[in-house]
Amino acid sequence: MDKTIRDAEEVARITGAVHGEILIEDAVKDCGVIIAPDGISGNLVFRTLTFLGNGIGHGAPVVNIEDIFVDSSRASHGYESVIRLTVSLALKNNS
């Protein structure tokens, strides 16, 4: 079994999340957040959901650093949702 699959299963087990494997089409029906293992995969997920699935991107929070950083795409129609996500993370971090 591939290490990334084992890692994803472990993260899901520890956090109580759902490991949806590669089935993005099922994840969007049941999940409000999709976590990609890296930036390249995240970009592919974003482009698939946004351009092919008519979805809306809310940014990608980087979770393995101390500072709050939410990556966004220049292909987004606006930055309001990214700013809202960043502010909500900052408020949660300060509480």
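Look a little higher up for the structure.
Note that the structure is predicted; figures quoted are calculated from it, not measured.

Reading the values: rules and limits
- Residues numbered from 1 in each chain as written.
- Predicted model: local features only at pLDDT ≥ 70, side-chain atom pairs only at ≥ 80, totals over all residues.
- Heavy atoms only, no water.
- Helix = DSSP H or I, 4+ residues; strand = E, 2+ residues; numbered from the N terminus.
- Buried < 20%, exposed > 50% of the residue type's maximum accessible area, 1.4 Å probe, protein only.
- Areas by Shrake-Rupley, 256 points an atom, 1.4 Å probe, with all protein chains shown as cover.
- Salt bridge = Lys/Arg side-chain N within 4 Å of Asp/Glu carboxyl O.
- Contact = heavy atoms within 4.5 Å.
- Patch = residues over 30% accessible without salt bridge, like charges linked within 9 Å, V, L, I, M, F, W, Y side chains within 5 Å.

Asker: So what's going on with the overall build of the protein chain? Which residues, and what values?
Answerer: Along the protein chain, the regular secondary structure elements total 4 helices and 2 strands. Helices and strands appear in the protein chain in the N-to-C order α-α-α-β-β-α. For the protein chain, with 95 residues in total, the buried portion stands at 13%. When the accessible surface of the protein chain is totalled, it reaches about 7,900 Å², and 58% of it is carbon and sulfur.

Asker: With reference to specific residues and values, describe the pattern of salt bridges.
Answerer: Counting across every chain of the model gives 3 salt bridges. With a closest N to O distance of 2.7 Å, arginine 13 and glutamate 10 form a salt bridge. Here arginine 13 and its partner glutamate 10 are both found in helix H1 (residues 3-15), 3 residues apart, which amounts to about one turn of the helix. Arginine 13 sits in the exposed class, given a relative accessible area of 59%.

Asker: How would you explain the side chain of threonine 50 if you had to name every residue and give the values?
Answerer: Topologically, threonine 50 is positioned in helix H3 (residues 39-52). With near-sequence residues (within four places) excluded, threonine 50 lies in contact with Gly55 and Gly57.

Asker: Give me a nonpolar patch on the surface: which residues, what numbers.
Answerer: A surface patch of nonpolar side chains, about 400 Å² in accessible area, is lined by Tyr79, Ile83, Val87 and Leu91. With respect to the element layout, isoleucine 83 can be found in helix H4 (residues 80-94). The exposure class assigned to isoleucine 83 is exposed, which follows from its relative accessible area of 52%.

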